[in-house]
Amino acid sequence: AIRQETEEKSRELRWAKKNFPEDVYRHVLWSYLLTKEYGPDFAQIVTNAHEIGSYNSEEEMERDRQNNRVGISYAVNNIP
């Protein structure tokens, strides 16, 4: 449910705003919501596992992991 909610919200914002950073937003929001629901350790494990076997370049995967860390940090520090 969290992943679906994240996908829908990021798609909605992409259509509403030109040049919206959908991928960044999706990773930050997903990791944020996972952290709020299940804690930072779980969120880190799930989001890292998501990158395994990805067709993205190593650079893209690192950027995704960084965005996931941002979302986890926001959740841990109660940044809305």
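For the structure itself, look to the data block above.
Predicted, not measured: the structure shown is a model, and the values here were computed from it.

A.B. asks: Outline the pattern of salt bridges, listing residues and values.
C.D. replies: Applying the stated rule across the entire model yields nine salt bridges. Between Glu7 and Arg26 there is a salt bridge; the shortest N-O distance is 3.8 Å. Residue Glu7 is located in helix H1 (residues 2–16), and its partner Arg26 is located in helix H2 (residues 22–38); the two are separated by 19 residues in the primary sequence. Several salt bridges converge on common partners, so that one network encompasses Arg3, Glu7, Glu22, Asp23 and Arg26.

A.B. asks: Would you mind going over the nonpolar core in detail, with residue names and values included?
C.D. replies: Among the nonpolar cores identified, the biggest contains nine residues, and these are Ile2, Leu29, Trp30, Tyr32, Leu33, Leu34, Ala43, Ile72 and Ala75. Residue assignment for this core shows that the elements contributing at least two residues are H2 and helix H4 (58–76). Examining the composition of this core, we find that five residues originate from one element, H2, more than from any other. When neighbours within four sequence positions are excluded, Ile72 is seen to be in contact with Ser31, Tyr32, Thr35, Pro40, Ala43 and Gln44.

A.B. asks: Give me the packing of aromatic side chains: which residues, what numbers.
C.D. replies: The final tally for this structure, using the stated rule, is two aromatic pairs. Between the aromatic rings of Tyr38 and Phe42, the centroid separation amounts to 4.9 Å while the plane-to-plane angle is 50°, which identifies the pairing as tilted. Directly above the ring of Trp30 sits Arg3, whose terminal nitrogen or CZ lies 5.5 Å from the centroid.

A.B. asks: Quick one: what's the story with helix H3 (residues 40–51), residue by residue and with numbers?
C.D. replies: Look at H3: 17 Å from first C-alpha to last across 12 residues, which is about the 16 Å you get at 1.5 Å a residue. Along H3, the residues that are buried comprise Ala43, Thr47 and Glu51. The arc that holds every buried residue of H3, seen down its axis, measures 70°, which confines them to one face. Exposed and oriented more than 90 degrees from the buried face of H3 are Asp41 and Ile45. Tucked into the core, H3 has its buried residues touching H2 and H4.

A.B. asks: Tell me about the environment of Phe20, residues and numbers included.
C.D. replies: On the secondary structure map, Phe20 appears in the loop between H1 and H2. C-alpha separation for the pair Phe20 and Ser10, spaced 10 residues apart in sequence, amounts to 8.8 Å. If near-sequence neighbours (up to four positions away) are discounted, Phe20 is found in contact with Ser10, Leu13, Arg14 and Tyr25.

A.B. asks: Tell me about unusual backbone geometry, residues and numbers included.
C.D. replies: Leaving glycine aside, a negative phi is the common case for residues, and trans is the common case for peptide bonds. Even without being glycine, Asn78 reaches a positive phi, approximately 55°. If you trace the backbone, Asn78 turns up in the segment after H4. Owing to a relative accessible area of 57%, Asn78 belongs among the exposed residues under this scheme.

Conventions used here
- Along each chain, residue indices are assigned from 1 in the same order as the chain's sequence is written.
- Where totals are concerned, whole chains, interfaces and linings use all residues; where local detail is concerned, this predicted model gives features only for residues with pLDDT of at least 70, and gives and counts side-chain atom pairs only at 80 or more.
- Computation of side-chain values covers all heavy atoms of the structure but excludes hydrogens and water.
- Only one rule defines a salt bridge in this text: a Lys or Arg side-chain nitrogen within 4 Å of an Asp or Glu carboxyl oxygen.
- Helical segments are the DSSP runs of H or I of at least four residues, strand segments are the runs of E of at least two, and each set is numbered from the N terminus.
- Buried Ala, Val, Leu, Ile, Met, Phe, Trp, Tyr and Cys residues that are joined via side-chain atoms within 4.5 Å together make up what is termed a nonpolar core.
- Remark: exposure states derive from per-residue accessible area (1.4 Å probe, protein chains only) relative to the maximum for the residue type, with buried under 20%, exposed over 50%, and partly exposed in between.
- What makes two residues a contact is simply this: any of their non-hydrogen atoms within 4.5 Å.
- Only the six-membered ring of Trp is used, alongside the rings of Phe and Tyr, when aromatic pairs are assigned; centres must lie within 6.5 Å, and planes under 30 degrees apart are stacked while those over 60 apart are edge-to-face, with the rest tilted.
- In our convention, an over-ring charge means Lys NZ or Arg CZ found within 6 Å of a ring centre and within 35 degrees of that ring's normal.
- Expected span of a helix: the number of residues minus one, times 1.5 Å.
- To obtain the arc, one takes the directions from the helix axis to the C-beta atoms.

Remember, this is a structural readout, not a statement about activity or role.
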